[in-house]
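# Architecture at a glance
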Amino acid sequence: MATVELTFSALPAHVRTARLVATAIARRTGVQESLLDEVRLAVGEACSRAVEAHRAHCPGEPIRIELRDDSGRFEVTVSDQAPSDETMQERPLDLGVLSDSFMSGFGIAVIAGLADDVEVFPSPKGMRIRMSWPAATNGHPPF
């Protein structure tokens, strides 16, 4: 299992970089070409949501992305440090009952439609969005 970690400041311009890195690593991990647009869009949506939350609540704190290959899956976790009103305990959010702000809830719904598997963990210390897609290493070493 290989892991790449990326942190960036809460600037919209850095979302593009995060999308490019995620797409390149997804390709290298063996995600099918037909799924790469979904990876790019889902990562972009998760990072844009985190940038918006940070700009409102903690603009000086970095946003963290973890990209990993794990048991035939390409997994991306986007973590922010902006407090979430969704819950006071960190536990998976039921994606069927999104009650966060309309735009945040809409963004998470978009991510859920793009990624093969999604889990959202809101907490008072921030939100983690974990998404994954099937991958096969095509004979290349991971990352």
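Here goes a summary of the coordinates provided. (Residues numbered from 1 in each chain as written. Predicted model: local features only at pLDDT ≥ 70, side-chain atom pairs only at ≥ 80, totals over all residues. Heavy atoms only, no water.)

## Points about the nonpolar core
Counting residues in each nonpolar core, the largest one holds 32 residues, and the members touching the most others are F74, V76, V78, I129 and M131. Elements with a minimum of two residues in this core: α1 (13–29), α2 (36–57), β2 (63–70), β3 (73–79), α3 (102–114), β4 (117–123) and β5 (126–134). When residues of this core are assigned to their parent elements, the largest contribution, eight residues, is made by α2. Beyond its immediate stretch of four places on either side in the chain, M131 contacts A42, V43, A46, F74, E75, V76, V78, I111, A115, D117 and V118. (Core = buried A, V, L, I, M, F, W, Y, C linked by side-chain atoms within 4.5 Å. Buried < 20%, exposed > 50% of the residue type's maximum accessible area, 1.4 Å probe, protein only. Helix = DSSP H or I, 4+ residues; strand = E, 2+ residues; numbered from the N terminus. Contact = heavy atoms within 4.5 Å.)

## What about the pairing of β4?
When you tally the buried positions in β4, you get five out of seven residues, the bulk of the element. Pairing of β4 with β5 involves seven bridges; the strand directions are antiparallel. Within the sheet, the bridge partner assigned to V120 lies in β5 and is I129. Between β4 and β5, which pair antiparallel one after the other, the connecting turn spans two residues. (Pairing = 2+ DSSP bridges.)

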